[in-house]
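Structure assessment
Letter by letter, the chains look like this.
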Amino acid sequence: MVGTREKASILIVDDNPTKLKAIKGIFDGMALDVFSATSGKAALKLLLDVDFAVILLDVKMPGMDGYETAEIVRSLERTENTPIIFITAHLIDETDISKGYSLGVVDYITSPIAPEILRAKVAVFASLFSMRSQLRNIVESNADGIVIIDDGGNTCLVNLAAEQMFDRPAASMIGEPFSFPTGNNVEIEVLRGDREPLVAETRTVEIDWEGKPARLISLHDITDRKKDEILLQKAKDELEERVEERVFELSTLYDLSKSIGWVVKYEDLFRLGVSSIGKVMDFDLVGFLHSTENSSEIVITRSAPVVDSVVKEACEILIEKFNTAGGTAFGSDDYQLHVVDAFSKEKSLPLSESLTFHVATHLDVGDKLIGTMIVASTGENAFTDAQVRLFETIANEIGSAVHRLNSLIESEERRTRTIINSIREGVLFIDGDGKITLSNPTADSVLELYALRQDRENDAVREVVEKALALPGSHAEVGFETAHGDLLRTYHLEATTVQGSNGDISGTAVIIRDITNEREMERLRSSFLSSISHDLRTPLTSVKEYLAILLDGYGGDLSEEQLDCLQTASRNAERLQALIEDLLTVTRIEAHGFTVSKKDTPFSSIIDVCIKSLLPKARKKEINLEADSLCDISVYVDQLRISQVLTNLIDNALKFTPEGGKVKVEARAQKEYLLVSVSDNGRGIPKQEITRIFDLFYKVSTGDEYGAAGGTGLGLFISSEMVKAHGGRIWVESTLGEGTTFFFTLPISSKKAGLRAFLSDAVDHSVKHDLPLSVVVMNFNNTNTDSMLLNKVKQNLGPEDHVIIYGNGLKSMIVAMFIEKKHTKQARERLVSGVPGDKVNAESLCFSKESRNLRMVLDGVSKKLSSVHQKE
Amino acid sequence: MPKTVLVVEDVEDISKILSLRLKMHGYSCVIAPGGREGLARTREEKPDLILLDIRMPDFNGFDFLNAVFADDEICHIPVIVCTASAEADTEARCLEMGAKFYITKPFDHMYLRTCIDSCIGPPEGER
């Protein structure tokens, strides 16, 4: 419509047809539709059908005159604003004029009519009309709702679209205040009864409406757009959420597959699976059934404290799933069940005592079924499809990991078995329940051949296992003999506890070694040495005795030269004899060790005997041999053995000291030990040889000068063994060119030292037999230092440690027994270093803890304690 | 009449030197080169003391000791074992069987004499 101009219509009303015609003629040539009416009534009739741009109305008409007609026109809604021009034939008075204006008459035209003026006036109205009608058209036909409100905020115009928007007829709104905010780009929401609310966007323009300032508000319906926007946003949100979920799922799966590659244990694998599932779903229980050729196990992880019947239910589902998926059918007892709890105590009890929701799937690789898996809940929320999908994906991952693990373990087991089977020693693995879970053919043959499984010898296995378990991390040994036909065979069992990855003891590995041949070799060697010694002694006896008898003058008087020759021969025979004796001693030590029969002996007497026997030798070399001994010190030793040690050391010193040198023997008390030293100012021992000097058959390399002095390489070895047998220590300090000092320690005889010696033995015993015992002795008085020491002792006590008191009363001998399973060696050090002079309050030491181990140890010790006590 | 010592010893060099020594000390000496001969001579001569080797072929010192102490006629004769055997249990066994002393070779002839003396007293005189 816009742009095309409708012809405006005008109406001429005059009762005089001639005049009517004349006036009509005035408008010829103008783009107007000219209507005419000869009476007010006819005019009103036309007004019902046509909108006129202007009405030219004759004032004086018969019947209904101009005024009356104008009044009616004004009263009609359609025409209330239609401009009216009065036409009068003559001048009228002022009263009439104002009457006309009050009726809305816009102008007066008097006859004679000036056509130019009339045309100009009408043209203005026509133009105005067409503009208005055009505007109206635009407004009415606009798809946007348009509301025009006047200065006072009342509605003047509502177009069709707006009517529909507000769902109200325009008439009900016209003249009413417009109750919505106006302005630009304001969104207004219109509630429309039952219909959905409408959302419109406003634009407001200031306009001139009917000659008055007004505002035109256009309302653009954006309900659909809004709806779309919301939908779009929702879709977008949903999409994002799903993307996020998917990303999370993917990252969960990624994490799972990444870590699953490293897993080498089923339990870790299952734990990983559970944690992955836990990330994506809320469950009370996850179960795995894992079946291999040899065994089946079910691992149930509870994330809530569900009752046993629920666990059982889950197991049954797993088994059923397994059986229906084509697994080798197995009953409800053919598996090992492990329940792992992974819930915090705070978690409330589950709502139901049976499963409300579960998903189960089978774990397979290719067409091989390796197990089943379940995730279940006792809660109210079912699992979503996405969760189920994810669960199945996780199950897939786990399935292939289990498969990988199966083959890994299988090949590992194969390899281990091959190795174990191929080693010569018997190997047993005994699990925590004492069952043999692995054995190689050698072990089998030993066990079966000698029926170790049932009878006495089986005790050897049990004993070694128990010993090993008593000291986890270390190993224990036992030996046993058993008859094999006529042959007596000796076996050596060594057990080591095997720790699982979590540090728990998973079992004991026992190595069985047939040591019959070794023992036989030892026996042969020992008998060979002894027989050689015997066979050497007999001719030596002849040599010695015939020489002696000659020297005694049996063959008559000897010349100087003859005497010298015979003496040389005799001296060498003596040396040979010493050598043979040493060899024999070593043989004995190596075969059985040796026993010492100790008694209290004044050490000065030992020194005296040794010095006396060696003085001639010293004098011969013009060596100053002297002894500095505190005469009142008694030692608790085997006198013969210690004499042998001291003689050996002095003899060595004499050998390696040049003529005119000096050898000094000293003895002084140091704590509860006697420290004995034999020092010389000889040539010294090279550093690199000092560490080996006590080794068997080790001989210090001799310089030319002392070539003849070289010994058997046995003396120091024997001395060292003997000192050790007394609970002492032997060592050497030497500076090349300046001299050498040998030191050794011996336990001093005293009440205290006697007890100490006993306790030392007890510790030795416990070390040798791997008994969990260590001992610390303290004494005596009731002073402040006592309490301090006691605290020190208490602090050093572990949870398994114990203190007992020996004797009673304030001046008690206090024996602290540390039951330390692992640290017997350290305890021995503590014992050796001792706590002399430290004092303990006996009364405050009265604490101990009940323990089987303690009792066992105490039974043995208390007997010994009482014997020591009596002796002293 | 000096007191008689029977030396039961298979090694001639040893029995000879023992005999020489015993004679030097004033004893009369009879030698048997084996256990069986030693037993026969003991029964024949009823020596005052027997000096016995252990390691002998066929009939060894233990067999000899068994035989002597099983025979009432001769079981009173003191036996001193003189052997090159160094095993501790040999010594214990001999003493247990009834030997008075156990001397290892090479022996100290003064110690040997002391032992003999403590069994039968000096070479001459009352038993």
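All values reported here derive from a predicted model rather than from experimental measurement. (Residues numbered from 1 in each chain as written. Chains lettered and ligands numbered in written order. Predicted model: local features only at pLDDT ≥ 70, side-chain atom pairs only at ≥ 80, totals over all residues.)

Another aspect to go through is the overall build of chain B. For chain B, the helix and strand inventory stands at five helices and five strands. Starting at the N terminus and ending at the C terminus, chain B contains elements arranged as β-α-β-α-β-α-β-α-β-α. Expressed as a percentage of its 127 residues, the buried residues of chain B come to 41%. (Helix = DSSP H or I, 4+ residues; strand = E, 2+ residues; numbered from the N terminus. Buried ≥ 20, exposed ≤ 12 C-beta atoms within 10 Å, placed from the backbone.)

As a further point, take the overall build of chain A. When helices and strands are counted, chain A shows 22 helices and 30 strands. Sequence separation of at least 24 residues holds for 63% of the intrachain contacts in chain A that already meet a minimum separation of 6. (Contact = placed C-beta atoms within 7 Å.)

This next bit is on the interface of chain B and chain A. Tallying the contact residues gives 16 residues for chain B and 16 residues for chain A. Considering every element that reaches the side of chain B that touches chain A, the biggest residue donor is helix H1 (residues 12-25) of chain B, with six residues. Counted by class, the side of chain B that touches chain A contains nine nonpolar, two polar and five charged residues. (Nonpolar A, V, L, I, M, F, W, Y, C, P; charged D, E, K, R; others polar.)

The element strand E14 (residues 357-365) of chain A is extensively covered by neighbouring structure, given that seven of its nine residues are classed as buried. Counted between consecutive antiparallel strands, the loop separating E14(A) from strand E15 (residues 368-377) of chain A contains two residues, among which Gly366(A) sits at a positive phi close to 60°. (Pairing = 2+ DSSP bridges.)

Residues and elements named next belong to chain A. For strand E1 (residues 8-13), a buried count of six out of six residues is recorded, marking the element as mostly surrounded by other parts of the structure. Pairing of E1 with strand E2 (residues 32-37) involves six bridges; the strand directions are parallel. Counted as the bridge partner of Ala-8 is Leu-32 from E2. Note on the crossover from E1 through helix H1 (residues 17-26) to E2: the handedness is right-handed. Where E1 and strand E3 (residues 54-58) come together, four bridges link them in parallel fashion. If you follow Val-13 over to E3, its bridge partner there is Leu-57. (Right-handed = clockwise from strand over helix to strand, strands pointing away.)

All names here are of chain A. Among the nonpolar cores identified, the biggest contains 42 residues, and Ile-277, Ile-374 and Val-375 are the most heavily contacted of them. Within the residue set of this core, elements represented by two or more residues are helix H8 (266-280), strand E11 (285-291), strand E12 (296-302), helix H9 (308-324), E14, E15 and helix H10 (385-422). If near-sequence neighbours (up to four positions away) are discounted, Val-375 is found in contact with Ile-277, Met-281, Phe-283, Val-286, His-358, Val-359 and Phe-391. Core analysis: the next-biggest nonpolar cluster, separate from the first, contains 40 residues, Phe-603, Val-637, Ile-685 and Phe-742 among them. (Core = buried A, V, L, I, M, F, W, Y, C linked by C-beta atoms within 7 Å.)

Residue and element names in this part refer to chain A. Spatial ordering of the open sheet is given by E2-E1-E3-E4-E5, a layout of five strands whose pairing is parallel. Only two strands of the sheet have a single neighbouring strand rather than two, namely E2 and strand E5 (105-110). Direction aside, neighbouring strands of the sheet carry axes that sit 20° apart on average. Sitting on the sheet, helix H3 (residues 66-75) touches E1, E3, strand E4 (84-88) and E5, and the angle it makes with E3 is about 155°. (Axes fitted to C-alpha atoms, helices over the stretch in contact; angles between N-to-C directions.)

Next up on the list: H3(A). Residues and elements named next belong to chain A. Within the span of H3, buried status applies to Gly-66, Tyr-67, Thr-69, Ala-70 and Val-73. The buried residues of H3 occupy an angular sector of 160° when the element is viewed end-on, so they sit on one face. Those residues of H3 hidden inside the fold are in contact with E1, helix H2 (40-49), E3, E4, helix H4 (94-102) and E5. (Arc of directions from axis to C-beta.)

On to unusual backbone geometry, then. Note that the residue after Lys105(B), namely Pro106(B), is joined by a cis bond; omega there is -5°. For Pro106(B), the location among the structural elements is in the loop between strand E5 (101-104) and helix H5 (109-120). The residue Glu622(A) is not glycine, and still its phi comes out positive at about 55°. Relative to the helices and strands, Glu622(A) is located in the loop between helix H15 (603-620) and strand E22 (624-629). Of note, the phi angle at Asp58(B) is positive, near 70°, even though the residue is not glycine. Mapped onto the fold, Asp58(B) is located in the loop between strand E3 (49-52) and helix H3 (61-70). The class for Asp58(B) is exposed, based on 9 C-beta atoms found within 10 Å.

Low-pLDDT stretches of the model should not have their predicted coordinates read in fine detail. Residue and element names in this part refer to chain A. Taken as a whole, chain A shows an average pLDDT of 73; of its residues, 73% reach a score of 70 or greater. Below a pLDDT of 50 lies the segment residues 704-709, which in the model reaches six contacts outside its immediate sequence neighbourhood of four places, other chains included. In this model, residues 797-872 is a region of pLDDT below 50 whose contacts with residues beyond four sequence positions or in other chains number 134 contacts. (pLDDT = per-residue confidence, 0-100.)

All names here are of chain A. Taking 1.5 Å of rise per residue, 36 residues should cover 52 Å, and helix H13 (residues 516-551) covers 51 Å from first to last C-alpha, within 8% of that figure. When H13 is considered as a whole, its buried residues turn out to be Ser-533, His-534, Arg-537, Thr-538, Leu-540, Thr-541, Lys-544, Glu-545, Tyr-546 and Leu-547. Count one or two residues on from H13 and you reach Gly-553, which has phi positive near 95°. (Expected span 1.5 Å × (residues − 1).)

Here the focus is the sheet that holds E11(A). Within a sheet, each strand pairs with its neighbour through backbone hydrogen bonds, oriented either parallel or antiparallel. Residue and element names in this part refer to chain A. Within the open sheet, the five strands sit side by side as E13-E12-E11-E15-E14. Their pairing is mixed. Only two strands of the sheet have a single partner each, and these edge strands are strand E13 (336-341) and E14. Looking at each pair of strands side by side, their axes are set apart by 15° on average, direction ignored. As paired strands, E11 and E15 are joined by six bridges and run antiparallel to one another. Its bridge partner lying in E15, Leu-285 is registered against Ala-376. Across the sheet, H8 is in contact with E11, E12 and E15; its angle to E11 comes to roughly 145°. Sheet contacts for H9: E11, E12, E13, E14 and E15; angle to E11, the most-contacted strand, approximately 40°.

The subject of this paragraph is the confidence of the model for chain B. All names here are of chain B. Of the residues in chain B, 96% have a pLDDT of 70 or more, and the chain-wide mean is 89. When pLDDT is averaged over each element of chain B, E3 comes out on top at 95 and helix H4 (residues 88-97) at the bottom at 84. With a pTM of 0.41, the predicted complex shows an ipTM of 0.87.

To continue, consider the packing of H15(A) against helix H16 (residues 639-655) of chain A. Residues and elements named next belong to chain A. Contact geometry for H15 and H16: axes closest at 9 Å, N-to-C directions at 30°. One element, H15, and the other, H16, form an angle in the roughly parallel class. Seen from above, H15 lies across H16 with right-handed handedness. Together, Ile-606, Ile-607, Val-609, Cys-610, Ser-613, Leu-614, Lys-617 and Ala-618 of H15 and Gln-639, Ile-642, Ser-643, Leu-646, Thr-647, Ile-650, Asp-651 and Leu-654 of H16 make up the contact between the two elements. (Parallel < 35°, antiparallel > 145°, perpendicular 65-115°, else oblique. Left-handed = near helix turned anticlockwise from the far one by under 90°.)

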